[in-house]
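Chain residues, written in single-letter form:
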Amino acid sequence: MRYFLTATGIALAGLLVGGGVGSYLTSSKLLKQFQNIPGSPIVLSAQYDKEKHLIRYAISNPGTLPIKVIEKALVFTPGKESKEKGYILSNIPANIEIPPLSVAVVELKLKEGTEKLQPGDVVLATFTYTHPLSQDLYTVVHSFTHGAPKQEKKEEKQEESK
Amino acid sequence: MRAETVVQWGLIFLMALLLFFAFTGIFISTLTLALTPEGFAFLLGLLGAWLFANKLLFGYGSFLFTAEAILNNEEVNREELEKKTNQPKEQIAELSIVSLMFLWLQSLDYYRYAYYGLFTLFLILMLLTKFNLLGALIVGNYLEGAFWGAAVVTLFVFALEITANYLMGELLEREAQNG
């Protein structure tokens, strides 16, 4: 019995260690494969700063490669309450690097001399970014509507019209 | 009858060929293992743990050889055995061979506790780095490699230790039977 327990104990420990070593070496190879997949940025939140007349975007990089935002653009569409005319700002240079698995704040200045944002105004922002594995340019488009209560009213109207 | 021999030798040849390719593969993948950072961490952990476990590996190893020699009724050099126990000569002059073996096994306990203690500390350190995703990606992965390298050495220490304890039990049993 003691002989059996000794031999079985050694065999079981050997199986555990062998399985552990094997799965570690295999999974680290697999992890390396995943680490080379660039993530696409996600805009977590957008907030309008009234005093500085800009919108702050919190952009997350879910991938394990750094992402570089190189260009910004915006399309301003006025709502019903605004007296401002619609305009487009494009090719705003930026040099913001978002490290892997983290969040960066990107500021987007609205056109100087224009009115403060009114509820219902829509700002369509386009961020152009690159990642280290390719020379290509990618874009993320985010639509921001200023003022939350106005949106709810719109939804109600849509329901009524249906 | 002749057909059977031909088939058998053919199968043996095929088996030898497969084993040759398998071992070549293992050899090449072992060489390329050291090229990846994880494989290097594994080898580093293996060598580092071996450095600490060397005294235990050789101590239990020579204990096993001596215990088997005693069980086979071969003659054992008593003076060498007395040196291994790390006890004053006057105290152990009248002890039997089996008692000396017991003292030898006990003298290895200090090294065993130190080794297992270090291994456990390393295990805890490795697990602590794994709680955070970034930490796991930056250092935890390599610490885990070193841990698995150390685990291979610990397996041998564990196997030698419980085999030594088993043989010590056999020796004591035989001593009790002989009176």
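Structure: above.
Residues numbered from 1 in each chain as written. Chains lettered and ligands numbered in written order. Predicted model: local features only at pLDDT ≥ 70, side-chain atom pairs only at ≥ 80, totals over all residues. Heavy atoms only, no water.

Participant: Explain the overall build of chain A here, please?
Facilitator: Looking only at helices and strands, chain A has 2 helices and 7 strands in total. Going residue by residue from the N terminus, the α and β elements of chain A occur as α-β-β-β-β-β-β-β-α. Considering only intrachain contacts with a sequence separation of at least 6, the fraction spanning at least 24 residues in chain A is 63%. Surface exposure of chain A reaches about 10,200 Å², of which carbon and sulfur atoms provide 57%. (Helix = DSSP H or I, 4+ residues; strand = E, 2+ residues; numbered from the N terminus. Contact = heavy atoms within 4.5 Å. Areas by Shrake-Rupley, 256 points an atom, 1.4 Å probe, with all protein chains shown as cover.)

Participant: What's the story with the pattern of salt bridges in this structure? I'm lost.
Facilitator: Summed over all chains, the structure comprises 7 salt bridges over all chains. When salt bridges that share partners are traced, they join D49, R56 and E107 of chain A into one network. (Salt bridge = Lys/Arg side-chain N within 4 Å of Asp/Glu carboxyl O.)

Participant: How should I be thinking about the nonpolar core in this particular structure?
Facilitator: Side chains that are nonpolar tend, in soluble globular proteins, to be buried together. Counting residues in hydrophobic clusters, the biggest one holds 42 residues, and the most contacted among them are V21 of chain A together with F63, M101, Y115, W148, M168 and L171 of chain B. Mapped by element, the contributors of at least two residues to this core are α1 (2-35) of chain A together with α2 (37-71), α5 (97-107), α6 (109-129) and α7 (133-178) of chain B. Here this core gets 13 residues from one element, more than from any other, and that element is α7 of chain B. Other than its neighbours up to four places away in sequence, F63 of chain B contacts M101, W104, L105, A164 and M168 of chain B. Within the second largest apolar cluster, 23 residues are counted, among which are I59, V69, V123 and Y129 of chain A. (Core = buried A, V, L, I, M, F, W, Y, C linked by side-chain atoms within 4.5 Å. Buried < 20%, exposed > 50% of the residue type's maximum accessible area, 1.4 Å probe, protein only.)

Participant: Explain a nonpolar patch on the surface here, please?
Facilitator: Residues and elements named next belong to chain A. On the surface, a cluster of nonpolar side chains totalling about 330 Å² of accessible area is made up of V75, I88, L124 and V141. Among the structural elements, I88 can be located in strand β4 (residues 87-98). Relative accessible area serves as the criterion here: at 63%, I88 is assigned to the exposed category. (Patch = residues over 30% accessible without salt bridge, like charges linked within 9 Å, V, L, I, M, F, W, Y side chains within 5 Å.)

Participant: When you look at the interface of chain A and chain B in this model, what are you seeing that I'm missing?
Facilitator: It is common to give the size of an interface as the accessible area that goes away when the parts come together. Listed per partner, the contact involves 19 residues of chain A and 23 residues of chain B. Buried area between chain A and chain B, summed over both chains or domains, comes out near 1,700 Å², and the portion from carbon and sulfur atoms is 75%. Viewed at the interface, chain B and chain A are joined by 1 salt bridge. R2 of chain A is the partner of E170 of chain B in a salt bridge, and the nearest nitrogen-oxygen pair spans 3.7 Å. For the pair chain A and chain B, the number of links is 2 residue pairs in polar contact (both at pLDDT 80 or more). In terms of residue class, the side of chain A that touches chain B is built from 10 nonpolar, 7 polar and 2 charged. (Buried area = accessible area lost by both parts, 1.4 Å probe. Polar contact = N/O pair within 3.5 Å; in protein donor to acceptor, adjacent residues only side chain to side chain. Nonpolar A, V, L, I, M, F, W, Y, C, P; charged D, E, K, R; others polar.)

Read these as layout, nothing more, since geometry by itself doesn't imply function.
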